[in-house]
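# Descriptive structure summary
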Amino acid sequence: MKSLEQLPLPLLEWYRDNARTLPWRSDPTPYHVWISEIMLQQTRVAAVLDYYRRFLEELPTVQALAAVEEDRLLKLWQGLGYYNRARNLQKAARTIVEDFGGRFPDTYEAILSLPGIGEYTAGAIASIAFGRPVPAVDGNVLRVVARITGDRGDIARPETKSRMRAALLSILPQSMPGDFNQALMELGATVCLPNGAPLCRRCPAHAFCAARIGERTGELPVKGGKAARRVEERTVFLIFFENRVALRRRPARGLLAKLWEYPNEPAPAPCPVEAAALADGPAGKHIFSHIEWRMRSVVVQAAGPELPPGWVWADGEALRAEYAVPNAFRSFAKAVEERLK
DNA sequence: AATTCGGGGTC
DNA sequence: GACCCAGAATT
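As annotated in an unreviewed UniProt entry, chain A carries the name Adenine DNA glycosylase and is attributed to Lawsonibacter hominis. As its UniProt record puts it under Catalytic activity (unreviewed entry), chain A is described as follows: "Hydrolyzes free adenine bases from 7,8-dihydro-8-oxoguanine:adenine mismatched double-stranded DNA, leaving an apurinic site." Its UniProt record gives chain A a comment under Sequence similarities (unreviewed entry), which states: "Belongs to the Nth/MutY family."

Attention now goes to the environment of Ala 269. Assignment of secondary structure puts Ala 269 in the loop between β4 (264–266) and β5 (275–280). Residues Ala 269 and Gly 116, 153 residues apart in the sequence, show an inter-C-alpha distance of 37 Å.

Attention now goes to the pattern of salt bridges. Under the counting rule described, the total for this entry stands at 22 salt bridges. Its salt-bridge partner being Glu 57, residue Arg 53 comes within 3.9 Å of it at the nearest N-O pair. Placement of the pair is Arg 53 and Glu 57 together in helix α4 (residues 45–58), with a separation of four residues, close to one helical turn. Residue classification places Arg 53 among the partly exposed positions, given a relative accessible area of 45%. A salt bridge links Glu 338 to Lys 341; the nearest nitrogen and oxygen atoms lie 3.6 Å apart. Taking the relative accessible area as the measure of exposure, Glu 338 reaches 48% and is therefore partly exposed. A relative accessible area of 72% means that Lys 341 is categorised as exposed. One network of salt bridges, in which partners are shared, links Asp 151, Arg 157, Glu 159 and Arg 163.

It is worth spelling out the nonpolar core at this point. Looking at soluble globular proteins, one finds that nonpolar side chains tend to be buried together. Formed by 100 residues in total, the largest nonpolar core has its most connected members in Trp 34, Ile 35, Phe 55, Leu 65 and Tyr 262. Counting the residues that make up this core, at least three belong to each of domain 1 (2–213) and domain 2 (230–340). Look past the residues within four positions of Leu 65 in its chain and what remains in contact with it is Tyr 31, Trp 34, Ile 35, Phe 55, Leu 59, Leu 73, Leu 89, Gln 90 and Ala 93. Ile 239, Val 273, Val 298 and Ala 302 belong to the second-largest nonpolar core, a separate cluster that totals eleven residues.

Conventions and cut-offs
- Residues numbered from 1 in each chain as written.
- Chains lettered and ligands numbered in written order.
- Predicted model: local features only at pLDDT ≥ 70, side-chain atom pairs only at ≥ 80, totals over all residues.
- Heavy atoms only, no water.
- UniProt positions renumbered as here; feature names shortened; annotations may be inferred.
- Helix = DSSP H or I, 4+ residues; strand = E, 2+ residues; numbered from the N terminus.
- Salt bridge = Lys/Arg side-chain N within 4 Å of Asp/Glu carboxyl O.
- Buried < 20%, exposed > 50% of the residue type's maximum accessible area, 1.4 Å probe, protein only.
- Core = buried A, V, L, I, M, F, W, Y, C linked by side-chain atoms within 4.5 Å.
- Domains from an automatic or database assignment.
- Contact = heavy atoms within 4.5 Å.

Here it is in structure tokens:
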């Protein structure tokens, strides 16, 4: 990894001049860094900005996060995805309040022990918020290192990841590890782009990057895997009674756990309530990482207010402000709103 | 080591 | 379509 040794100085200089202005950088308290890092897991900066602002506005402290109602927390997370992140955030907040006296733990090992925090996030928080000299190796960093060093190892494999992490640890500037880690990610996000289209002319590693010199940026990094996606046909029931719509809570474990949904079943499925009228509603499609839902909908005028146990009637205001409904059902939002007026 | 967990931007 | 994103937890 000889070429990596030349990286720190030009990288830090580049970062000083090119760092984006991001809300979690203006006041990098451990709480701010933590919330931002969890939201940013597998999620682009642009998608996080509004959620981050709303979240900190309502839950400005670890104590507030520890105490908030779970349904309110899910509502704040609605649409961001990977909802276990929100639940783990609260578990960790309660651990911090109860076991750490409300003070965020300040060592890599203690941070790593918290729910929802793995090697990457522990390294990010420890280095950015506490100045600890540990690497933070995310997807951006793996791509940058693979290209600069010309490493053909599969970056999806733990062995490749740990090799690159060790190489980074050996060159990590002890004085400013947080800036170095952020600079590497920033470089990956804005210059050393995926899809074989990096902006090498703007790169501080231009002179010594193995992939650029060898014209192999299109072949690096090497990444295997890609599980096939299964398709599920589902029927969604948009059930109305007197300007309200029926919702039910999803199971506590698994996909979209504990979020609210319009009742739906694998197609074909019979109407789950006594109906005064039935009509076809809009179709919808939603693509998860590992599943594709192809949905048709049925608009149901319920014969009465009776619902199966656990289901609820929601009016337009409750639907907007109270119930966390995942974006998988966004195709039906307009049709539902129309009938709740 | 492989799968499960969302959702959206980008090519 | 395919890839990827400031990944972690579970199996």
